[in-house]
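Topology and contacts: notes
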Amino acid sequence: MQTGENAPTPQRIGVPREIFSGEKRVATVPDSVTKLIKLGFAVVVERGAGELADLSDGAYIEAGATIAPSAAALWSGSDIVFKVRAPTSEEVALMHEGQTLIGFLWPAQNPDLMQQLAAKKVTALSIDALPRTLSRAQKMDALTSMAGVSGYRAVVEAANAFGRFFNGQITAAGKVPPAKVFIAGAGVAGLAAIGAASSLGAIVRANDTRAEVADQVVSLGGEFVKVDYEEEGSGGGGYAKVMSEGFQAAQREMYAQQAREVDIIITTALIPGKPAPKLITAEMVKSMKPGSVIVDMAAEQGGNCELTERGKAVVKHGVTIVGYTDLASRMARQSSTLYGTNLFRLTEELCKTKDGVINVNMQDDAIRGLTVIKDGEITWPAPPLVVAPKPAPKPTAAVAEKKSGHGHGSSGPMPVKTLAMVFGLGALAFWAIGAYAPAAFLGHFTVFVLACFIGNMVVWNVTPALHTPLMSVTNAISSIIVIGALVQILPPEAGSNGRPDQLIQWLAFAGIVLTAVNMFGGFAVTRRMLDMFRK
């Protein structure tokens, strides 16, 4: 790290108060401020910036930030500005050359804003432009964070408008059936909604054009409803694509059936850069039961329902249609915490030297994707990521040769001569035992050989289940030990040679006790492990 006169001057990160109507989130919380200061930055927060998210100025001061008395003072004195919503024209006018802006800018939807920022010769990083296919970028993925909050909140809004229990109940006053919820789109927001609705006890169904999400739906307690039409729906980058007319017709038929059956519909379908697809028609709304609810999470992009009114909750044909565009903002503190963490992780990538100065490295795929304006030059859209080619499949002969091995270090099947010698020596040993061993020994030896064979088949061919691969084997062995010990303890049958001596009986008893401890103790441990996954 540089010291003395050569050390760079730490940059100031400014966090203004969001002025967009109804926006309650703030770009950074006190916990993130502490971490940013450890990276070498100075942090300044506009007075009252976190007020609507229940974050006081005192909490920011305690975390090490300073409070700017006005928006003008904050913008003029900051090298980097963290925002949630895209800046207004008034906020752009407060910016200065060389400044860096980070937030949700939506460059495709805001071309005029891009021109205004470029004219100010600033650098702008749009958090919504992050390449989501990069695994290392997941910690910076604010879209996923906000979608998860929105999906959860959509279920809360649906429950509030529904006015009935989600879970079924049987009481002295009568039987209450569980609510049926259908979720259109099983992306991040849809999966969050599935988890929330399932945890409330509702019967949850979901659909998505991407067939690969079916297992995720089931794992969260939902039922995946498949469209009776074969077509791949993945559009790359974690998003869905526009489907063919044939698929859309089959999908509409399925949605119409679900609308007649369910109580609540939550729609999440979005396609980047395009208006939200219309999935729920007015006729479908009319077919729903009175008191049903539709929560349209795509209302800001036009809505998935034909009757959605942006930013409002309206009742049409007896159905409440919720078109709120601020679902994440309705959980402002949680959303701000997650968003602040995303921006901190991004700052870590921009300031790997931890000296309080960012470096917008255009050679880094994640940073290049985020950067929509660099020093006044519009760099959006970023060039497509170079996808590594899939490894060539292994030759069939090589795979067959590998499968023919017998254990570690095996070079192939045993040679025929060696196999013949092993069988010959084994046969000779059995002949010697049969020719010279006492008759009583032969009986015991035969039982021993059969026991080894059966034990191998019973114990080692057991298919391990969840949390019980060891239990499967040890319980099988323990059962054999218990049976053998009981034979030694039980009274002899009439005509037998008599009871075994007391030493053998005591050893058999000890064997039963020890194996019982092992078996019942194993079941107890397994139960505790399974309880960890129960709510």
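As a starting point, this report considers the structure included with it. Numbering of residues starts from 1 in each chain and follows the order in which that chain's sequence is written. A pLDDT threshold of at least 70 governs which residues receive local features in this predicted model, and a stricter bar of 80 or more applies before side-chain atom pairs are shown or counted, although totals over entire chains, interfaces and linings include all residues. Computation of side-chain values: all heavy atoms of the structure, hydrogens and water removed.

Take the overall build of the protein next. Scanning the protein from N- to C-terminus turns up 17 helices and 17 strands. The buried label applies to any residue whose accessible area, calculated with a 1.4 Å probe on protein chains only, is under 20% of its type's maximum; exposed applies above 50%, and partly exposed to all values in between. The burial tally for the protein puts 39% of its 535 residues in the buried class. Here a residue-residue contact requires only that any non-hydrogen atoms of the pair lie within 4.5 Å. For the protein, the proportion of contacts with a sequence separation of at least 24, taken over those separated by at least 6, is 62%. Accessible areas in this description were obtained via Shrake-Rupley with a 1.4 Å probe; residue shielding takes into account the shown protein chains only. Of the roughly 29800 Å² of accessible surface on the protein, a fraction of 61% belongs to carbon and sulfur atoms. Think of it this way: any DSSP run of H or I at least four residues long counts as a helix, any run of E at least two long counts as a strand, and we number them from the N terminus.

What follows concerns the sheet that holds strand β17 (residues 377–378). DSSP-based pairing: two strands are paired if at least 2 bridges between them are found. With mixed pairing, the 8 strands of this open sheet are ordered in space as β3-β2-β1-β4-β5-β6-β16-β17. At either margin of the open sheet sits one strand with a lone partner, and together these are β3 (66–68) and β17. With 3 bridges joining them, strand β2 (residues 42–46) and β3 adopt parallel strand pairing. Opposite Val44, over in β3, you have Thr66 as the bridge partner. What counts as an axis is a line fitted to C-alpha atoms, over the stretch in contact for a helix, and the angles between N-to-C directions run from 0 to 180 degrees. Set on the sheet, helix α5 (residues 111–119) makes contact with β5 (100–103), β6 (123–126), β16 (371–374) and β17; between it and β16 the angle comes to about 35°.

On to the packing of helix α6 (residues 142–162) against helix α11 (residues 332–350). As a packed pair, α6 and α11 sit with axes 9 Å apart at the nearest point and diverge in direction by 165°. Taken together, the axis directions place α6 and α11 in an arrangement best described as roughly antiparallel. Between α6 and α11 lies a crossing whose hand is right-handed. Across the interface between the two elements, Ala142, Ser145, Met146 and Val149 from α6 touch Gln334, Ser335, Leu338, Tyr339 and Asn342 from α11. Note on residue categories: nonpolar means Ala, Val, Leu, Ile, Met, Phe, Trp, Tyr, Cys or Pro, charged means Asp, Glu, Lys or Arg, and polar means any other residue, Gly included. Partitioned by chemical class, the residues of the contact of α6 with α11 number 5 nonpolar, 4 polar and no charged. The labels follow the angle: roughly parallel below 35 degrees, roughly antiparallel above 145, roughly perpendicular from 65 to 115, and oblique for the rest. Handedness of a helix crossing follows the sense of rotation of the near helix relative to the far helix, less than a right angle counterclockwise being left-handed and clockwise being right-handed.

Among the 5 residues that make up β2, 4 are buried, leaving the element largely enclosed by the rest of the structure. Across 4 bridges, the pairing between strand β1 (residues 12–15) and β2 is parallel. Looking at the pairing, Gly14 lines up with Val44 of β2. With respect to chirality, the unit in which β1 leads through helix α1 (residues 30–38) into the neighbouring parallel β2 is right-handed. By convention, orient the strands away from the viewer: a clockwise path from the first strand over the helix to the second makes the crossover right-handed.

Taken together, the 7 strands give an open sheet; going across it, the order is β11-β10-β9-β12-β13-β15-β14, and neighbouring strands pair in mixed fashion. The two strands at the open ends of the sheet, each matched to only one other strand, are β11 (223–224) and β14 (313–316). Of the strand pairs in this sheet, strand β10 (residues 203–207) and β11 are connected by 2 bridges, and their pairing is parallel. Paired with Ala206 across the bridge in β11 is Phe224. Helix α7 (residues 188–199) rests against β9 (180–184), β10 and β12 (264–267) of the sheet, and its axis sits at about 165° to β10.

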